[in-house]
Amino acid sequence: MGNCVSLSLDQLLIHACGCFFGDGNYIHMMEANLEALQKTMKELEQRQADMLRRVDMEEDKGLKRLAQVQGWFSKVEGIGPQVNDLLQARATETRKLCMFGYFSKNFISSYDYGEKVFKKLKEVEGLLSKGVFEVLADKIPPSKGEKKHIKTTIGLDSVFVESWNCLIKDGPRTLGLYGMGGVGKTTLLARINNKFVEEVNEFDVVIWVDVSKDLQNESIQKQILKRLRLDKEWEHETEEEKASSIHNNLKRKKFVLLLDDLWSEVDLIKIGVPPVTLENGSKIVFTTRSKEVCKDMNAGDEEKLDCLSPDEAWELFKKTVGEVPLMSHQDIPAIARKVAEKCCGLPLALCVIGKAMACKETVQEWRHAINVLNKSGHEFPGMETKILPILKFSYDSLKDEKAKLCFRYCSLFPKHYGIKNEELIEYWMCEGFLDGNGDEDGPINQGHDIIGSLRREHLLMDCQFSREEVKMHDVIREMALWIDQETHCVRSGAKLRQIPKDIKWEIVRRISLMSNQIEELSCSPKCPNLSTLLLRNNKLVSISGEFFRFMPALVVLDLSENKELTGLPEDISNLGSLLYLNLSDTRIKSLPVGLTKLRKLIDLNLECAHELESIDGIATSFPNLQVLKLLCSGVYVDERSIKELQRLEHLTLLTATIKDAKILEQIQGVERLASSIRALCLRYISAEVIKLNAVAMGGLEHLSIHCSKISEIKIDWENNEIWEVPGFKQLFSVDIEYLEGPMDLTWLLFAQNLRDLCVEKSPNIEDIINKEKGMSITEVHPHIGVPFGKLELLHLRDMVGLKRISLNPPALPSLKSLIVKSCPELPKAATVFPRS
């Protein structure tokens, strides 16, 4: 029979013996194999647990587990359920055995089960033998680019598709995107950036550079080096050396370079960027307002961004205004269309005007709006007439004249500059923009109210990581400068080495020369109307006495961040109207005698003036002083300075550094001084216990503890019987570094409004909030809420003993920024929080 297999009797006997007595006897070896499988699987699980612990430790250091290690974990996880299934069937299958385990009542079933057990045992043994790795993890390769956050766009889809199709063609590409300010060039570039970053492609790195009008080669190099992760290594090198480093790095890569906001030709060769060639296939994309720049940059491809079509503009305007105002009256939609038409399809104008009209729900308000736009639209020639008056409408709609002054003042700061709210309000107060209706805190509250209104009108924007700072959109800033072009001179970030010669000193009201390279002030300008002079962040070494001779109206002088400035001329005494003087972050050693004549001075900032030796006589020199900032300066508060500070009868805001626990206790006992403290740094303190009085220092906003040995920190709240929730109501920032002694920071429960917390290099701390202590506090004070309910920023670095952050599980609903580095004892699960 052709299909039959013929076997000899000997072969059949050999096969049968192998099944019943040899290695292939899956039935007889079943129980032994099951025992071995169970034992080996247990060893494999133990090996897996040990490996996982070691991998977690490596990942906590910022490393990434190797692919082969992850593959081994995946196989172990996959085999576990299979082994469990076999072991669960053990009792059923072994009951089928008979004749001392050599035979089965159901031979086929037992043979099949036994074979599976044997093969699975070999598989587990193989995984166990392979589970030995000398290296578990390696450095995480840098991401090729950073994704940009952009809102849903209207009207950009077609130009994006055209631009993308142009870029993905083979060979080198330099694409210039040009159009007027506010038309959406940066948004389009961000979409291109995200497409390159998100898609799997052959590009090694995607580099985004903010260029702008004021920034030059040094800033461009810095941003490129940062993306290449070489910025720290080459921070102090020359421009030529940085260019060489950039060139050597990029010539080996296929790169995408995105340059935002070019105002003139940028010499990429001088910066270090190698030319895009057929061989490297790299791409360069830039945005500019000028078609000429496209030609100067030798753009092989150009794409013009036009304003939106009427239909697209109307869709964007409707989306921005919202349905409620548009449905408030039957005539409003028709008027709203006319308002949208006045925006000439400019996305920025549509958004700004739309936000301004979002609260207008009467037809009279909308009719007034179209009348104002019709009137101002004819005042200015050229292209400016179609843009700036439209943007100016949001400014004109501000009902408060003081808010308009405050808004225009913001244009004195450089582009993209984060302006601290507190400093801004101090400037405004000294300029006389704020009155506060006679209330002591009125001007400050009024300032915050104006900042809020300017934010809502989208004339100011929040900074990304700080609610304490604001900034201006580029085009909005240009509009503000245009309004004050005759009386404001703003040359910030222009790399000036000397005072410009074209300043109209006789008529100028405010001058900003911030962020330049000016080393000397030697001229003697006559400026009878000058009220604000901002010279922050220059390289000033000397100031001639003649410079301040003819500035009778000057009320704000900012010389901060001139790190080589060691003294001031005695002729500064000529500034008899001066109210605000900022000498922070300078090398000032003492205050010149000439300052004693500045009897009107109300605001003096000496923070981070590390070489300052004394403030003796400050009360006599400045009897009207209201704000004195000494934080992190060379002056530590002692008994002598406390007496001096007590003589400042009008003092309402103080920042200070203390290095003696007794002095801390003493100043908290002086009610007027303690209540004025807004920022406090405790440095070099050695004490068993310190007490922070939440009643006396009720206005405390920032607290730093550095390089101190303190066993316990207690909060004194017993005196406060009327507060529903005891503690520091205003404290929103705590910074702790090199603190020895305490094992926890449970006292932070008394800072319910804390937003920023940084703890570093404090080895004894095991808990941020200790569970037992926390529960005992909340039992006494049930009104104290969940720890860190408002915390937005949490940074923990080099905390070798830290095991827990908060009560289990930690709930940080507002967290936006989390950095945990070198905290080996902190469980990984403890650093995973819900985001808002």
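Each chain has its residues counted from 1, running along the sequence as written. Only residues with pLDDT of at least 70 are given local features in this predicted model, and only at 80 or more are side-chain atom pairs given and counted; all residues enter the totals for whole chains, interfaces and linings. Think of the side-chain values as coming from all heavy atoms in the structure, minus any hydrogens and water.

- Where an unreviewed UniProt entry is consulted, the protein appears under the name P-loop containing nucleoside triphosphate hydrolase, with the organism given as Arabidopsis thaliana x Arabidopsis arenosa.

1. Some points on helix H24 (residues 661-668)
Helical geometry note: an α-helix holds 3.6 residues per turn, so side chains three or four residues apart project in the same direction.
Step number 1: Accessible area is worked out with a 1.4 Å probe on protein chains only. A residue is then buried under 20% of its type maximum, exposed over 50%, and partly exposed in between. Secondary structure elements are defined from DSSP: runs of H or I of at least 4 residues count as helices, runs of E of at least 2 residues count as strands, and each element is numbered from the N terminus. All of the buried residues in H24 are Ile-663, Leu-664, Ile-667 and Gln-668. Across the axial projection of H24, the buried residues extend over an arc of 135 degrees, all falling on one side. In H24, the exposed positions angled more than 90 degrees off the buried face are occupied by Lys-662 and Glu-665.
Step number 2: The contact criterion used throughout is that any non-hydrogen atoms of two residues lie within 4.5 Å. Close packing links the buried residues of H24 with helix H23 (639-646), strand E22 (653-658), helix H25 (671-676), strand E23 (677-683) and strand E24 (686-693).
Step number 3: Side-chain atoms alone can form a polar contact between residues adjacent in sequence; in general such a contact is a pair of N or O atoms within 3.5 Å, and within protein one must be able to donate a hydrogen while the other accepts it. Where H24 begins, the capping side chain belongs to Asp-660, and its oxygen is found 2.8 Å from the backbone nitrogen of Lys-662. Arc, as used here, means the arc of the directions from the helix axis to the C-beta atoms.

2. Side note on the packing of aromatic side chains
Step number 1: Working definition: a ring pair exists when centres of Phe, Tyr or Trp rings (six-membered ring for Trp) sit within 6.5 Å. Plane angles under 30 degrees give stacked, over 60 give edge-to-face, the rest tilted. The final tally for this structure, using the stated rule, is 16 aromatic pairs.
Step number 2: Through a chain of ring-to-ring contacts, the aromatic side chains of Tyr-409, Phe-413, Tyr-417, Tyr-427, Phe-433 and Tyr-580 assemble into a single cluster.
Step number 3: Counting as a charge over the ring demands two things of the Lys NZ or Arg CZ atom: a distance within 6 Å of the ring centre and an angle within 35 degrees of the ring normal. The ring of Phe-203 has Lys-254 lying over it, and the distance from NZ or CZ to the ring centre is 5.0 Å.
Step number 4: Looking at Arg-755, its charged tip hangs above the ring of Phe-732, at a distance of 4.5 Å from the centre.

3. Examining the sheet that holds strand E9 (residues 301-304)
Step number 1: Any two strands with at least two DSSP-identified bridges between them are counted as paired. The strand order E6-E7-E8-E5-E9 describes an open sheet built from five strands, whose pairing is parallel. Of all strands in the sheet, those bounded by a partner on one side alone are strand E6 (205-210) and E9. Going from strand to strand, the sheet's axes swing by 15 degrees on average, the running direction of each strand aside.
Step number 2: Across six bridges, E6 lies against strand E7 (residues 255-262) in parallel orientation. Counted as the bridge partner of Trp-208 is Leu-258 from E7. As a rule, the C-alpha atoms of each element are fitted with a line to give its axis, helices using only the stretch in contact, and angles between N-to-C directions run from 0 to 180 degrees.

4. Brief notes about the pairing of strand E12 (residues 466-471)
Step number 1: When strand E10 (residues 419-420) meets E12, the two strands line up antiparallel, connected through two bridges. Bridging across to E12, Ile-419 finds its partner in Val-470.
Step number 2: Bridge count between strand E11 (residues 461-463) and E12: three bridges; the pairing is antiparallel. Paired with Asp-462 across the strands is Val-470, a residue of E12.

5. A word on the nonpolar core
Step number 1: For this analysis, a nonpolar core means a set of buried residues of the types Ala, Val, Leu, Ile, Met, Phe, Trp, Tyr and Cys, connected via side-chain atoms within 4.5 Å. Of all hydrophobic cores here, the largest spans 106 residues; its most connected members are Leu-557, Leu-628, Leu-692, Trp-747, Leu-748, Leu-757 and Ile-768.
Step number 2: In terms of residues, this core owes the most to one element, strand E25 (residues 702-716), which gives five residues.
Step number 3: Once residues lying within four places of it in the same chain are set aside, the contact partners of Leu-748 are Val-734, Leu-754, Leu-757, Ile-768, Ile-769 and Phe-788.
Step number 4: By size, the runner-up hydrophobic cluster in this structure holds 86 residues, among which are Leu-308, Val-321, Ala-336 and Ile-451.

6. Here's the deal with the pattern of salt bridges
Step number 1: Salt bridges are defined as contacts in which a side-chain nitrogen from Lys or Arg sits within 4 Å of a carboxyl oxygen from Asp or Glu. As enumerated under the stated definition, the model contains 39 salt bridges in all.
Step number 2: Between Asp-112 and Lys-116 there is a salt bridge; the shortest N-O distance is 3.6 Å. Residue Asp-112 and its partner Lys-116 are both found in helix H5 (residues 107-130); the two are separated by four residues, about one turn of the helix.
Step number 3: Asp-112 gets classed as partly exposed once you look at its relative accessible area, which sits at 36%.

7. Concerning the side chain of Thr-532
Step number 1: Of note, Thr-532 is situated in strand E16 (residues 532-534).
Step number 2: If near-sequence neighbours (up to four positions away) are discounted, Thr-532 is found in contact with Tyr-409, Leu-412, Glu-431, Arg-509, Arg-510, Ile-511, Leu-554 and Val-556.

8. Digging into the UniProt feature "coiled-coil region" (unreviewed entry) in the protein
Step number 1: UniProt positions are given in the numbering used here, feature names are shortened, and annotations may be inferred rather than shown by experiment. The positions that UniProt labels "coiled-coil region" (unreviewed entry) are, in the present scheme, residues 27-61.
Step number 2: What you have in residues 27-61 is 89% helix and 0% strand, and the ends, taken at the C-alpha atoms, are 51 Å apart.

9. Topic: the pairing of E9
Step number 1: Side chains of E9 alternate between two faces, with Asp-301 and Glu-303 buried and Glu-302 and Lys-304 left unburied.
Step number 2: Sheet topology note: the strand E5 (residues 173-178)/E9 ladder contains four bridges and is parallel. Residue pairing across strands places Tyr-178 opposite Lys-304, the latter belonging to E9.

10. Observations regarding helix H6 (residues 157-167)
Step number 1: For H6, the full list of buried residues reads Val-159, Phe-160, Ser-163, Trp-164, Cys-166 and Leu-167. On an axial view of H6, the arc spanned by its buried residues comes to 160 degrees, and they lie on one face.
Step number 2: Along its buried surface, H6 packs onto E5, helix H7 (185-198), strand E8 (283-288) and E9.

11. Concerning the state of the cysteines
Step number 1: When two cysteine sulfur atoms lie within 2.5 Å, the pair is treated as a disulfide. Tallying each qualifying case throughout the model produces zero disulfides.
Step number 2: Cys-166 takes part in no disulfide bond, and the closest cysteine sulfur to it belongs to Cys-294, at a distance of 12 Å.
Step number 3: Free of any disulfide, Cys-632 has its nearest neighbouring cysteine sulfur in Cys-681, separated by 4.5 Å.

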